[in-house]
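Summary of structural features
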Amino acid sequence: MRHNYWLWRSKCYTPLIYSGTTSEMLVNKGINLPTSQSVLNYLLLAITCGSLHISSKGFKLSNSVFVYLGLAILDVEGNFLVIKAYQYTSVT
């Protein structure tokens, strides 16, 4: 039981480490793209979660489209702030 916890925890931290490291590398090269940097993450998330949702519930949404739109905006802005904060710190 304890082994599964540490395996799950390491899988959760891997994207954070990747994001912090790539942010620092891009800033060192003079590139400033905090929102565009996460496009691949959002694409993989949409494919994974979308396919799981369609396979389990079909195309029916549990909530209004506006709820999902609001959550998406909050998520993108939160991710923008995290990546922007990585630019002012030394991760590696």
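See above for the structure.
In terms of helices and strands, the protein carries 3 helices and 0 strands. Secondary structure of the protein in N-to-C order comes out as α-α-α. A total of 92 residues make up the protein; the buried ones form 11% of that total. Contacts in the protein between residues far apart in sequence, at least 24 positions, make up 76% of those at least 6 positions apart. For the protein, the computed accessible surface area is about 7400 Å², with 71% contributed by carbon and sulfur atoms.

Attention now moves to the layout of surface pockets. Over the atoms rolls a probe the size of a water molecule, and its path tells where empty space is left. In this structure, the largest pocket occupies an estimated 390 Å³ of space. Grouping the amino acids of the lining of the largest pocket by side-chain chemistry returns 8 nonpolar, 3 polar and 1 charged. Of the pockets and cavities examined, the second largest pocket occupies roughly 180 Å³. Elements represented by at least two residues in the lining of the second largest pocket include exactly helix 1 (2-28) and helix 3 (65-86). The class makeup of the residues in the lining of the second largest pocket is 6 nonpolar, 5 polar and no charged.

What counts as what
- Residues numbered from 1 in each chain as written.
- Predicted model: local features only at pLDDT ≥ 70, side-chain atom pairs only at ≥ 80, totals over all residues.
- Heavy atoms only, no water.
- Helix = DSSP H or I, 4+ residues; strand = E, 2+ residues; numbered from the N terminus.
- Buried < 20%, exposed > 50% of the residue type's maximum accessible area, 1.4 Å probe, protein only.
- Contact = heavy atoms within 4.5 Å.
- Areas by Shrake-Rupley, 256 points an atom, 1.4 Å probe, with all protein chains shown as cover.
- 1 Å grid on protein atoms, 1.4 Å probe; cavity = no way out; pocket = protein on both sides within 12 Å on 5 of 7 lines; lining within 4 Å.
- Points joined across faces, edges and corners; volume = space filled by probe spheres on them.
- Nonpolar A, V, L, I, M, F, W, Y, C, P; charged D, E, K, R; others polar.

Any functional reading would require information beyond the geometric quantities listed.
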